Amino acid sequence: MSEKRFDGQVAVITGAGRGLGKAYALLLGAKGAKVVVNDLGGSLQGDGVDVGPAQEVVNEIIAAGGEAIANTDSVATPEGGQAIINAAINTWGRIDILIHNAGNVRPALIRDMSYEDFNSVLDVHLKGAFHVVKPAMPLMCDAGYGRIVLTSSIGGLYGNHKVVNYGVSKAGMIGLCNVAALEGAEHNVTCNLIVPGAVTRMAEGIDVSAYPPMGPELVAPVVGWLSHESCSVSGEMFVSIAGRVAKAFIGETEGVYQPEWTIDDVETQLEKIGDTTNPWILPVVPAAHVDHIRNSFAMAVKGSKS
Ligand code: NAD
């Protein structure tokens, strides 16, 4: 089987100085991509700037025979996002791959969460994604090619305690990914989500001694495929944790049609409303939102005739 490579392609990876982003950068760099290794290099909370982590990853890629440049602009502002994309264009004149992976954490209960900490996490994760996707999209669409990978989390799919800022950001990423996938479809630009699990500095304070092997390098090949020209999906969510690769999806129960409803009817029909026997799992691309409406209307038409 042929080895999948990225020769001649340019990849921008945010937060690539450490952890998961570093593993993605080393993999793509080793397989021929020219890589913009973006990382602010600050603390887990997102404070401070240090070129060290990004430069070390660049040095590793170059030592292995690859090409890379370091960039310390912050994804947290529109200017920073534009500067990160500009780094690719100014150096190599193109951008084929965008992986938004940068992240910070500032945990607190909802009741204790300061607006500063709420906004800081949204700025890096969710608005950060928009700050790089917005300048990258027109370049990719005009070129007729692009691969975008955004980063969600089980914190976004399922929530967790003390991470409302993070959960909101990671759930919002699904919305951004879906729209980018739809808008990119006719231009051969895909956008997918990775829902990773790996022991990195984000696990600080957690006892990981009983965990199975779950280094970032186990996640990197999944992001590698989503970044490759052979990636045949868009608007999808891939899970990768401790060697398990799976898909997550939005699903609906088939539900119940009635021409009229009372509050009591909802309670009476609760079991049927929640019956997962025939789920609707609608592909985002080409048009899950249309399928949702069309299928719902079809039930109404069928129900009103019976
Ligand atoms: P990490 O802290 O090792 O790496 C994140 C990197 O992002 C850091 O090097 C940091 O300096 C950089 N960064 C932070 N703010 C930035 C900014 N404003 N601009 C540019 N870079 C910035 O963490 P990680 O575990 O490798 O996390 C990577 C991504 O994966 C994050 O989005 C995280 O939410 C997500 N994630 C991780 C896990 C996990 O199990 N590790 C689980 C779910 C989601």
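If you're wondering where the values come from, they're calculated on a predicted model, not measured in any experiment.

A. Main features of the overall build of the protein chain. Each helix and strand counted, the protein chain has eleven helices and eight strands in total. In terms of C-alpha radius of gyration, the protein chain reaches 21 Å, essentially the compact-globule figure of 19 Å for 306 residues. The principal-axis extent of the C-alpha atoms belonging to the protein chain is close to 70 × 45 × 40 Å. The burial tally for the protein chain puts 45% of its 306 residues in the buried class. For the protein chain, the accessible surface area stands at approximately 15500 Å², while carbon and sulfur atoms represent 56% of it. Averaging the positions of the 21 positive and the 32 negative side-chain charges in the protein chain gives two centres separated by 4 Å.

B. Representation of the site of the ligand in the model. The full set close to the ligand counts 29 residues, and D39, N101, Y166, T200 and R201 are the nearest of them. Between the ligand and R18 there is a distance of 2.9 Å, counted from an oxygen atom to a side-chain nitrogen or oxygen. Take A198: an N or O atom from its main chain is 2.9 Å from an oxygen atom of the ligand. Surface burial for the ligand is 95%, taken as the share of its 830 Å² of free accessible area covered by protein chains. Among the elements of the structure, α1 (19-30), α7 (164-184) and β6 (189-197) are those that each provide at least two residues to the shell around the ligand.

C. Looking closely at the domain arrangement of the protein chain. Examined at the domain level, the protein chain breaks down into domain 1 (10-248) and domain 2 (263-305). The gap between the C-alpha centroids of domain 1 and domain 2 is 34 Å.

D. A look at the pairing of strand β7 (residues 237-241). For β7, the tally of buried residues reaches four of five residues, placing the bulk of the element in the interior. Here β6 pairs with β7 via five bridges, running parallel. Note on β7: the bridge partner recorded for L193 is M237. Assessed by its sense of winding, the connection that carries the chain from β6 through helix α8 (residues 220-226) to β7 is left-handed. Relative to strand β8 (residues 244-248), β7 is paired through five bridges, and the arrangement is antiparallel. Bridge pairing in β8 places M237 opposite A248. Between β7 and the antiparallel strand that follows it, β8, lie two residues; A242 among them carries a positive phi value of about 50°.

E. Expanded view of a nonpolar patch on the surface. Side chains of V199, I206 and Y211 sit close together on the surface and give an oily, nonpolar patch of about 250 Å² of accessible area. Looking at the secondary structure, you find V199 in the loop between β6 and α8.

F. Region of the structure containing the nonpolar core. Core analysis: the largest hydrophobic core is formed by 37 residues, its most contacted members being V12, L98, I148 and L150. When residues of this core are traced back to their parent elements, those giving at least two are β1 (10-13), α3 (78-92), α5 (126-143), β5 (146-151), α7, β6, β7 and β8. Element by element, the count of residues in this core is highest for α5, at eight residues. Ignoring any residue separated from it by four or fewer positions in sequence, one finds L98 in contact with V12, I85, V132, V133, A136, M140, R147, I148 and V149.

G. Fine view of the pattern of salt bridges. Scanning the model with the defined rule gives ten salt bridges in all. Among the ionic pairs, D7 bridges to R5, the shortest N-O distance being 2.9 Å. Measuring nitrogen to oxygen at the nearest pair gives 2.5 Å for the salt bridge that ties K247 to E236. Here K247 is found in strand β8, whereas its partner E236 is found in the loop between α8 and β7, with eleven residues between them in sequence. Exposure remark for E236: the relative accessible area of 23% places this residue in the partly exposed category.

H. Structural detail: the side chain of S153. Position of S153 relative to the elements: it lies in the loop between β5 and α6 (154-157). There is a polar contact of 2.9 Å between the side chain of S153 and the backbone nitrogen of G155. Setting aside anything within four residues of it in sequence, one finds S153 in contact with Y166, K170 and V195.

I. Expanded view of the layout of surface pockets. Size it by volume and the second largest pocket reaches roughly 410 Å³. What lines the second largest pocket is a set of 21 residues, among which F249, I250, L282, P283 and V284 lie closest to the centre. Where the lining of the second largest pocket is concerned, the elements lending two or more residues are α7, β8 and α11 (284-305). At five residues, the largest contribution of residues to the lining of the second largest pocket is made by α11.

Calculation criteria
Residues numbered from 1 in each chain as written. Predicted model: local features only at pLDDT ≥ 70, side-chain atom pairs only at ≥ 80, totals over all residues. Heavy atoms only, no water. Helix = DSSP H or I, 4+ residues; strand = E, 2+ residues; numbered from the N terminus. Rg over C-alpha atoms; globule rule 2.2 N^0.38 Å. Buried < 20%, exposed > 50% of the residue type's maximum accessible area, 1.4 Å probe, protein only. Areas by Shrake-Rupley, 256 points an atom, 1.4 Å probe, with all protein chains shown as cover. Lys, Arg positive; Asp, Glu negative; His and termini not counted. Charge placed at Lys NZ, Arg CZ, Asp CG, Glu CD. Near = heavy atom within 4 Å. Polar contact = N/O pair within 3.5 Å; in protein donor to acceptor, adjacent residues only side chain to side chain. Domains from an automatic or database assignment. Pairing = 2+ DSSP bridges. Right-handed = clockwise from strand over helix to strand, strands pointing away. Patch = residues over 30% accessible without salt bridge, like charges linked within 9 Å, V, L, I, M, F, W, Y side chains within 5 Å. Salt bridge = Lys/Arg side-chain N within 4 Å of Asp/Glu carboxyl O. Core = buried A, V, L, I, M, F, W, Y, C linked by side-chain atoms within 4.5 Å. Contact = heavy atoms within 4.5 Å. 1 Å grid on protein atoms, 1.4 Å probe; cavity = no way out; pocket = protein on both sides within 12 Å on 5 of 7 lines; lining within 4 Å. Points joined across faces, edges and corners; volume = space filled by probe spheres on them.

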